[in-house]
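Letter by letter, the chains look like this.
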Amino acid sequence: MNETILTLEHTRQLTPDTVEMVLSGDTSAITAPGQFINVALPGKQLRRPISIANWSEDGLLLLVRIAGEGTVAFCASPKGTQFDVLSGLGNGFDLDDHGKKPVLMGGGVGIAPLYGLAKRMIERGETPTVALGFRSLQDAFYLEEFAALGCNLSIATEDGSLGIKGFVTDMVRDHLPDRDYVYCCGPLPLLRAIDALPQFTGGQFSFEARMGCGFGVCMGCTVHTKHGPKRICKDGPILRKEELVWE
Amino acid sequence: MGIIDLSVKLAGLKLDNPVIPASGTFGYGREFAELYDINILGSFSCKGTTGDTRFGNEQPRIAETAAGMLNAVGLQNPGVDAVIEEEFPNVANIFQKPIIANVGGFSLDEYRENCRKLDACEQVGILEVNISCPNVHAGGKNFGSDPELAAEVTRAVKEVTTKPVFMKLTPNVTDIGEIARACEDGGADGICLINTLLGMRIDLKTKRPLLANRTGGLSGPAIFPVALRMVWDVYEAVKLPIIGVGGISSAKDVCEMMLAGATAVEIGAANLKDPYICKTIIETLPETAAALGVTELRQLTGAAHNG
């Protein structure tokens, strides 16, 4: 973790409520896909935790969902805006564990950290199988980018306007039944449905939580796990399938 | 500018400066020790300790407010035995000064037992007794909102320790001076105030309370004027040293709090927003003190009062 200033270089609207943002600056604290940054916003007491979609030596990529006042302001910032950021937060995905048949599953803005994960799997010589789900065609984004990385990409939309009609979980169950390990990120109901799929013997699940500090001191983001209480910001955001506890 | 002496004396304990991270915002120092040398701090107050291990409240525990935040963490901690056996040895590795042990409890016996155990810990310099748990459903009355109960807890704790006992007060009372006087009568060595103000938010998407606990504790700059006023009132009410807490986020705030009557201060929510805030405050205190015309920071304590 470090505190650093990042500069906004580029913003692109992807869907009515999703924005691509590229920021330049010190990314040395980032060590794994699936980590996040905690961004300070003017006039706001709490930082906003945002997944790192990808990063390089000189900067990073965010795919941000406009969710509330903070993200509205953040996404509307002009080019050149400087942000005070806590960087390299969280445990990130472990790329070593996944056996021979992993699938990367994401829903909505949950696909963000899967992009950097897919990229790094490709750098290791793997061809990731990626299954993404959206509500409809107009909510879908970054499909060309995932395809251009060299992934085996499958899309599901709930209304069938793109790809396979239905939920991404049903698509994976029906069309990718050989996949036995999952890397996933998305809304809680999606993660729960993915955990319920019988085909997976293991997996890494990326969770969100409302956070206070984002770096492990305030206990604001604690959740139950089979291994006891864990902080999503520090012991997560990635939790393993075998420790998940659902109410 | 000559050298400004930032040291203060808190119930016999000499601190290099009055800057103390508040309980619940600093853990046991592990994470912050990776960010800066925490030995620059006057002391720190560790996460509130209870007898049993506590998971705390369900999610969501955190909400934002204007110039502040609500927390309903619910005193998550591993329990006093685990704190002593597992956390304190690490504290000794990363911090070479006495610490403030924040203690919670849900019965007089529990306060006594927790404090008796902590009394045996060499590195604990002060016992900070949290008698305000607005977000913990224990049934029965909140210790800190009743002067008799507050005095009883004070007496109970004083029976089992020779370390200085600071009672940490809840602001959610009608007359904080009365509570402070009750603690003084009970034998307290100092008063720490304020804990968080009781607040809540409604989630407009669900039309239900946002926090799982419904209510939470408000902290951050929004509460600074309330904390300041209460420190003033307690300074007038008792002769005990005061640790002033609540919404401090700058060296100037520290000086205001000391002028109101604080001997030392605790800084909480600000650590969450800016992990380096305590370091920055320590570094800017000398010039702030110089601008106020003092060469010893402790000269500020209570100086805003008449006489």
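You'll find the structure just up there.
How each quantity is defined
Residues numbered from 1 in each chain as written. Chains lettered and ligands numbered in written order. Predicted model: local features only at pLDDT ≥ 70, side-chain atom pairs only at ≥ 80, totals over all residues. Heavy atoms only, no water. 1 Å grid on protein atoms, 1.4 Å probe; cavity = no way out; pocket = protein on both sides within 12 Å on 5 of 7 lines; lining within 4 Å. Points joined across faces, edges and corners; volume = space filled by probe spheres on them. Helix = DSSP H or I, 4+ residues; strand = E, 2+ residues; numbered from the N terminus. Nonpolar A, V, L, I, M, F, W, Y, C, P; charged D, E, K, R; others polar. Contact = heavy atoms within 4.5 Å. Pairing = 2+ DSSP bridges. Axes fitted to C-alpha atoms, helices over the stretch in contact; angles between N-to-C directions. Patch = residues over 30% accessible without salt bridge, like charges linked within 9 Å, V, L, I, M, F, W, Y side chains within 5 Å. Areas by Shrake-Rupley, 256 points an atom, 1.4 Å probe, with all protein chains shown as cover. Salt bridge = Lys/Arg side-chain N within 4 Å of Asp/Glu carboxyl O. Lys, Arg positive; Asp, Glu negative; His and termini not counted. Charge placed at Lys NZ, Arg CZ, Asp CG, Glu CD. Buried < 20%, exposed > 50% of the residue type's maximum accessible area, 1.4 Å probe, protein only. Polar contact = N/O pair within 3.5 Å; in protein donor to acceptor, adjacent residues only side chain to side chain. Parallel < 35°, antiparallel > 145°, perpendicular 65-115°, else oblique. Left-handed = near helix turned anticlockwise from the far one by under 90°.

1. Focus on the layout of surface pockets
Okay, step 1: Taken as a whole, the second largest pocket holds about 400 Å³ of empty space.
Okay, step 2: If you go around the second largest pocket, you meet 17 residues; those closest to its centre are M219 of chain A together with Y28, Q76, P78 and E87 of chain B.
Okay, step 3: The set of elements that each furnish at least two residues to the lining of the second largest pocket consists of α1 (30–33) and α2 (80–94) of chain B.
Okay, step 4: A breakdown of the residues in the lining of the second largest pocket according to their chemical character gives four nonpolar, five polar and eight charged.

2. Here's the deal with the environment of L292 of chain B
Residues and elements named next belong to chain B.
Okay, step 1: Inspection of the secondary structure puts L292 in the segment after α9 (277–291).
Okay, step 2: Sequence separation of L292 and K252 is 40 residues, and the distance between their C-alpha atoms is 9.8 Å.
Okay, step 3: Contact partners of L292, with chain neighbours within four places excluded, come to C255 and L300.

3. A look at the sheet that holds strand β4 (residues 62–65) of chain B
Residues and elements named next belong to chain B.
Okay, step 1: In space, the four strands of this open sheet follow the order β4-β5-β13-β10, with antiparallel pairing throughout. Edge positions in the sheet fall to β4 and β10 (197–199), since each has one partner strand and no second. Across this sheet, the average inter-strand angle for adjacent strands is 35 degrees, counted without regard to direction.
Okay, step 2: Alignment of strand β5 (residues 68–71) against strand β13 (residues 216–219), held across three bridges, turns out to be antiparallel. Bridge pairing links L70 to L218 in β13.

4. Considering a positive patch on the surface
Okay, step 1: Residues R65, R135 and R210 of chain A together with K205 of chain B make up a contiguous surface patch of positive charge.
Okay, step 2: Structurally, R135 of chain A is set in the loop between β9 (129–134) and α3 (143–149).
Okay, step 3: Take R135 of chain A: its relative accessible area is 60%, and that puts it in the exposed class.

5. Focus on the sheet that holds strand β3 (residues 19–21) of chain B
Two modes of strand pairing occur in sheets, parallel and antiparallel, and in both the strands are linked by backbone hydrogen bonds.
All names here are of chain B.
Okay, step 1: A sheet is described by the order of its strands in space; here seven strands give the open sequence β3-β15-β14-β9-β8-β7-β6, paired in parallel fashion. The open sheet terminates on both sides in strands that have one partner only, identified here as β3 and β6 (99–103). For this sheet the average axis-to-axis angle between neighbouring strands, irrespective of direction, equals 25 degrees.
Okay, step 2: Sitting on the sheet, helix α4 (residues 147–160) is in contact with β7 (124–130) and β8 (165–168), with an inclination near 155 degrees to β8.
Okay, step 3: In the packing of α9 onto the sheet, contacts are made with β3 and β15 (264–267), and the angle to β3 comes to roughly 175 degrees.

6. A short note on the side chain of T27 of chain A
Residues and elements named next belong to chain A.
Okay, step 1: Within the element layout of this structure, T27 appears in the loop between β2 (18–24) and β3 (36–39).
Okay, step 2: A relative accessible area of 5% places T27 in the buried class.
Okay, step 3: A polar atom in the side chain of T27 sits 2.6 Å from the backbone oxygen of S56.
Okay, step 4: Looking at T27, its side chain comes within polar contact range of the main-chain oxygen of E57, at 3.3 Å.
Okay, step 5: With near-sequence residues (within four places) excluded, T27 lies in contact with W55, S56, E57, D58, G59 and L60.

7. As for the packing of α2 of chain B against helix α3 (residues 108–119) of chain B
All names here are of chain B.
Okay, step 1: Direction vectors running N to C along α2 and α3 enclose 20 degrees, while the axes themselves pass 10 Å from each other. One element, α2, and the other, α3, form an angle in the roughly parallel class. Crossing of α2 against α3: the hand is right-handed. Contacts between α2 and α3 involve V80, D81, I84 and F88 from the first element and N114, K117 and L118 from the second.

8. Quick look at empty space enclosed by the protein
Residue and element names in this part refer to chain B.
Okay, step 1: Per the stated rule, a full pass over the model turns up one cavity of 30 Å³ or more.
Okay, step 2: In this model, the largest cavity occupies a volume close to 590 Å³.
Okay, step 3: What lines the largest cavity is a set of 41 residues, and nearest its centre among them are S23, G24, N71, N195 and T196.
Okay, step 4: Those elements that provide at least two residues to the lining of the largest cavity are β5, β13, β15 and α8 (269–273).
Okay, step 5: The residue inventory of the lining of the largest cavity, partitioned by class, reads 17 nonpolar, 21 polar and three charged.

Just geometry here; none of it tells us what the structure is for.
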